[in-house]
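A look at the structure
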Amino acid sequence: MPSPVGHVIAGVAAGVLVNRRSPLAAMVVFGAAAAAPDLDLIAGVHRGASHSAGAALLAGAAGWILWRLTPSLRARGPAWRFALAVAAAYATHIVTDMVSDDSRPPIGCMALWPFTDAYYQGPFILFLPVSRAYWRLRAWTENAKAVALEIAVLGPMLWASLRTRNQ
Ligand SMILES: [Zn+2]
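Everything numeric here is computed off the predicted structure, so don't read it as measured data.

A few words now on the coordination of the zinc ion. Coordination of the zinc ion by the protein is provided by D38 (OD), H51 (NE2), H93 (NE2) and D97 (OD), with metal-donor distances spanning 2.1 to 2.2 Å. One can describe the donor arrangement at the zinc ion as irregular, given that its four donor atoms subtend angles of 90 to 170° at the metal. As a motif over one chain, the donors of the zinc ion read D-x12-H-x41-H-x3-D. A residue pair is termed long-range when its members are at least 10 positions apart, and D38 in the loop between α2 (24–35) and α3 (53–69) and D97 in helix α5 (residues 79–98) qualify at 59 residues.

Before going further, it helps to examine the packing of helix α1 (residues 4–18) against helix α6 (residues 137–163). α6 packs onto α1 with a crossing angle of 15° between their chain directions and a minimal axis gap of 9 Å. The angle between α1 and α6 places the two elements in the roughly parallel class. In the crossing of α1 with α6, the sense of the turn from one axis to the other is left-handed. Judged by residue contacts, V5, G6, I9, A10, V12, A13, V16 and L17 of α1 engage V147, E150, I151, L154, G155, M157, L158, S161 and L162 from α6. Of the residues assigned to the contact of α1 with α6, the class counts are 13 nonpolar, three polar and one charged.

Overall, the coordinates contain three salt bridges when judged by the stated rule. With its nearest N and O atoms 2.5 Å apart, the salt bridge here joins D102 to R47. Remark: R47 occurs in the loop between α2 and α3 and D102 occurs in the loop between α5 and α6; sequence separation between them is 55 residues. Just as D102 is buried, R47 falls in that class too. A cluster of three or more residues bridged by salt bridges with shared partners is formed by R47, D97 and D102.

Reading guide: rules and limits
Residue indices begin from 1 for each chain and proceed along its sequence in written order. Per-residue local features are limited, in this predicted model, to residues with pLDDT of at least 70; the limit for side-chain atom pairs, both in listing and counting, is 80 or more; totals at the level of whole chains, interfaces and linings are taken over all residues. Hydrogens and water are ignored here; the side-chain numbers use all heavy atoms of the structure. In this analysis a donor is any N, O or S atom within 2.8 Å of a metal ion (3.2 Å for sodium, potassium and calcium), and since water is not included, sites may seem incomplete. Donor angles set the geometry label: tetrahedral for four donors if every angle is between 85 and 135 degrees, square planar for four and octahedral for six if opposite donors exceed 155 degrees and the others are between 65 and 115, irregular for anything else. A run of H or I in DSSP counts as a helix once it spans at least four residues, and a run of E counts as a strand once it spans at least two, with each numbered from the N terminus. A fitted line through C-alpha atoms represents every axis, and for helices the fit uses only the stretch in contact; the resulting angles, taken between N-to-C directions, go from 0 to 180 degrees. Roughly parallel means an angle under 35 degrees; roughly antiparallel means over 145; roughly perpendicular covers 65 to 115; every other angle is labelled oblique. Helix crossings get a hand from a simple test, with the near helix turned counterclockwise from the far one by less than a right angle marking a left-handed crossing and a clockwise turn marking a right-handed one. Contacts: residue pairs with any heavy atoms within 4.5 Å of one another. Three classes are used, and their members are as follows: Ala, Val, Leu, Ile, Met, Phe, Trp, Tyr, Cys and Pro are nonpolar, Asp, Glu, Lys and Arg are charged, and the others, Gly among them, are polar. Salt bridge, as applied in this entry: a Lys or Arg side-chain nitrogen positioned within 4 Å of an Asp or Glu carboxyl oxygen. When a residue's accessible area, from a 1.4 Å probe over protein chains only, is under 20% of the maximum for its type it is buried; when over 50% it is exposed; and in between it is partly exposed.

What follows is the structure, given as structure tokens:
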């Protein structure tokens, strides 16, 4: 799985691409939405229903409610566009997880929940695994390599997306 750094970069890039008139607060929401699926780790689950198209739709619905409650977002475009941007930011988490090294079965993500509980892995591996064995020095060096690769791959996408941003 990519690190939170990679997830946030991908989420902000996708959110701004969909919703070009995004203030900084909206970009924070996109980044949070992209990192949110891994909160399932708190419950001891990983890559289950939180890593799915159904959960991305729910995130979009939450974005729509947030738009209704936030006047500064309402001034920057329609609710559907902000909701779609939040759903897209959330969905980047699933896509990037599916093309990352996963050593913990079941391999892949429950990407099409609630239609099926099957796990899906991407056709290739792009991102390195991130170790949570923080007490091991080797985990830190491996994670630094993983984050550097994520920035190298996703950073240019964020840069290109931010260039389309229209404040
Ligand atoms: Zn994940």
